[in-house]
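One letter stands for each residue in the lines below.
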Amino acid sequence: MTRKRTGKVAGPERSRAASGAEVRDWLDEVWRRTEAAVVLAGGDNGGPLAERELIGEVFDAEDLAELRALITTGTFIDDICRCFGSVTIALLDAEGEFIGSGSVHGLTDVSWERSRFWNNLEVADPERLVGFLERHGVRMR
């Protein structure tokens, strides 16, 4: 396995990446069912979602719409970051069940279901994402 200058993983893992279109289709389906979002301690290596420390919550419909725009708008890089990420944003349905999650990497990327898609999203407005998370009690810097 080789490492690109960007710190993204290249090599065999790269060939497993889902296309940006595939991830977007999945995101559309999951967000149609999303009723709330929680921010949990730890990235991709943080263990089971239900066992992690809760560090932020988003229930308000306007805040959920803003969060959705912030963490689904951008460019898929057809690669992943080699770090595990800092926090995880988990989406919940009306029954409070986890239906999807993405870890934040380097304040610029979200890795949605990393082990499933292997394709980070470079968010369109990373500063606004950090500001949003900090307004919701998540210390990012």
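As the structure is a computational prediction, the values presented were derived from the model and not from experiment.

In this section: the environment of E22. By secondary structure assignment, the location of E22 is in helix 1 (residues 20-33). Placed 95 residues apart in sequence, E22 and F117 show a C-alpha to C-alpha distance of 8.6 Å.

Okay, the packing of aromatic side chains next. Evaluated as defined, the whole model comprises two aromatic pairs. Among the aromatic residues, ring-to-ring pairing joins W26, W112 and F117 into one connected group.

Further remarks concern the pairing of strand 8 (residues 98-105). Counting buried positions over the eight residues of strand 8 gives seven, a clear majority of the element. The pairing of strand 7 (residues 87-92) with strand 8 spans five bridges and is antiparallel. Pairing of I89 across the sheet is with G102, part of strand 8. Here four bridges tie strand 8 to strand 9 (residues 109-112), and the two strands are oriented antiparallel to one another.

Let us now look at helix 1. The terminal C-alpha atoms of helix 1 lie 20 Å apart, and with 14 residues this matches the ideal 20 Å at 1.5 Å per residue to within 8%. Along helix 1, the residues that are buried comprise G20, V23, W26, L27, V30 and W31. Within helix 1, the buried residues cover an arc of 130° as seen down the axis, which keeps them to one side. Away from the buried face of helix 1 by more than 90 degrees, exposed residues D25 and R32 are located. On its buried face, helix 1 is in contact with helix 2 (61-72), strand 5 (74-76), strand 7, strand 8, strand 9 and helix 3 (114-117).

Cut-offs applied
- Residues numbered from 1 in each chain as written.
- Predicted model: local features only at pLDDT ≥ 70, side-chain atom pairs only at ≥ 80, totals over all residues.
- Heavy atoms only, no water.
- Helix = DSSP H or I, 4+ residues; strand = E, 2+ residues; numbered from the N terminus.
- Phe/Tyr/Trp six-rings, centres within 6.5 Å; stacked < 30°, edge-to-face > 60°.
- Buried < 20%, exposed > 50% of the residue type's maximum accessible area, 1.4 Å probe, protein only.
- Pairing = 2+ DSSP bridges.
- Expected span 1.5 Å × (residues − 1).
- Arc of directions from axis to C-beta.
- Contact = heavy atoms within 4.5 Å.

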